[in-house]
Amino acid sequence: MLWIAATLIASAAQTARNAAQRGLTAQVGTIGATAVRFIFGLPFAAAFLALWSLWKPIPLPDLTVLGWVVLGSTAQIAATALMLLTMKTRGFGVTTALLKTEPVTLALIGALILSEPLGPARLAAIGTATLGVMLISGTDWRGGGWRAVTLGIGAGVLFGLSAIGFRGGILALPDGDQATRAATVLLISLSLQSLIMLVWLGVADRRALTGIARNWRDSLRAGFLGAFASLFWFLGFALTAAANVRTLALVEVLMAQLVSGRILREGTRPRQLVGMAMVVAGVAGLIAVSAR
């Protein structure tokens, strides 16, 4: 199915983009590295939609579409910043595994706030993923372990919220095929995100702007990978439910572990590898139960 191919392409591109952003954090700071994927991704998204418009009419967004896109865009900005903060104290592969706990967190929030029943199967899946997170994090809680875990899980929740917002915007467009809708929402979201980040950096962190300009080659690569990944994420959201895309996206944990060990030369303890496997199993089990 097309959504499977789109999700796999998006996962691979996102893993590469995350690695590129991680490398930029030391040069331009967390907020600067967050901004790069949006500011440098915008020209690529605009160029693609301009070329696409030669064959397909582009739908005009209404206020409902813009509302959904605002939700997705702001949640994604916050999620990216938390992800990069987590990578400062945890390895690339470990951070990616923490991001994938988002369905577990949402299930717990639903049980506590909305009184949604969990049941034995859900509890088993949540327990498996929770134990996996503990194994991933290690035992150095006094050295900031809980902070890193909280940041990583929080980033995962916000990425999930952004997926809901973007899918809502795609479905709210009045017309257009799936690729046209995906490309349209991508351009709207990157335009909004770039504006937000440029205003913020211009007011609060002009040094980061200078650093971004100085590292424009690395920034351009991260921006291209970000726009490329987002286009296929959005295509996946246009073709099927966000939960299906999110479930298949668990392959990022394996991709990130490969990048972490083979390219970034980060060591991973056997306990952390077991923890990653438990997180993947717990999240997949939770989503499988929810789909019944």
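Structure's up top.
So, a few notes on the structure that sits alongside this text. (Residues numbered from 1 in each chain as written. Predicted model: local features only at pLDDT ≥ 70, side-chain atom pairs only at ≥ 80, totals over all residues. Heavy atoms only, no water.)

Side note on the overall build of the protein chain
- Along the backbone of the protein chain there are 13 helices and 0 strands.
- Starting at the N terminus, the α and β elements of the protein chain follow one another as α-α-α-α-α-α-α-α-α-α-α-α-α.
- Scored against the burial criterion, the 292 residues of the protein chain give a buried share of 49%.
- The contacts of the protein chain with a sequence gap of at least 6 include a subset with a gap of at least 24, amounting to 86%. (Helix = DSSP H or I, 4+ residues; strand = E, 2+ residues; numbered from the N terminus. Buried < 20%, exposed > 50% of the residue type's maximum accessible area, 1.4 Å probe, protein only. Contact = heavy atoms within 4.5 Å.)

Considerations on the packing of helix α1 (residues 2–39) against helix α8 (residues 178–204)
- Viewed as axis vectors pointing N to C, α1 and α8 meet at an angle of 145°, and their least axial separation amounts to 8 Å. For the pair α1 and α8, the crossing hand works out as left-handed. Side by side, α1 and α8 meet where Ile31, Gly32, Thr34, Ala35, Arg37, Phe38 and Ile39 of the first sit next to Leu190, Gln193, Ser194, Met197, Leu198, Trp200 and Leu201 of the second.
- The residue inventory of the contact of α1 with α8, partitioned by class, reads 9 nonpolar, 4 polar and 1 charged. (Axes fitted to C-alpha atoms, helices over the stretch in contact; angles between N-to-C directions. Left-handed = near helix turned anticlockwise from the far one by under 90°. Nonpolar A, V, L, I, M, F, W, Y, C, P; charged D, E, K, R; others polar.)

Things to note about the side chain of Ser230
- Tracing the backbone through its elements, the reader meets Ser230 in helix α10 (residues 216–239).
- Here Ser230 is in contact with Arg37 and Leu186, once residues within four sequence places are set aside.

Quick word on the environment of Ala182
- Tracing the backbone shows Ala182 in helix α8.
- Counting along the chain gives 53 residues from Ala182 to Leu235, while the straight-line C-alpha distance between them is 5.2 Å.
- Filtering out sequence-adjacent residues up to four positions away, Ala182 remains in contact with Ile170, Leu231, Phe234 and Leu235.

Let's talk about the pattern of salt bridges
- Scanning the model with the defined rule gives 2 salt bridges in all.
- For Asp177, the salt bridge is made with Lys56, and the minimal N-O distance between the two is 3.4 Å. Here Asp177, found in the loop between α7 (145–172) and α8, pairs with Lys56, found in the loop between α2 (42–52) and α3 (63–89); they are 121 residues apart in sequence, far enough to count as distant.
- Classification of Asp177 as partly exposed rests on a relative accessible area of 27%. (Salt bridge = Lys/Arg side-chain N within 4 Å of Asp/Glu carboxyl O.)

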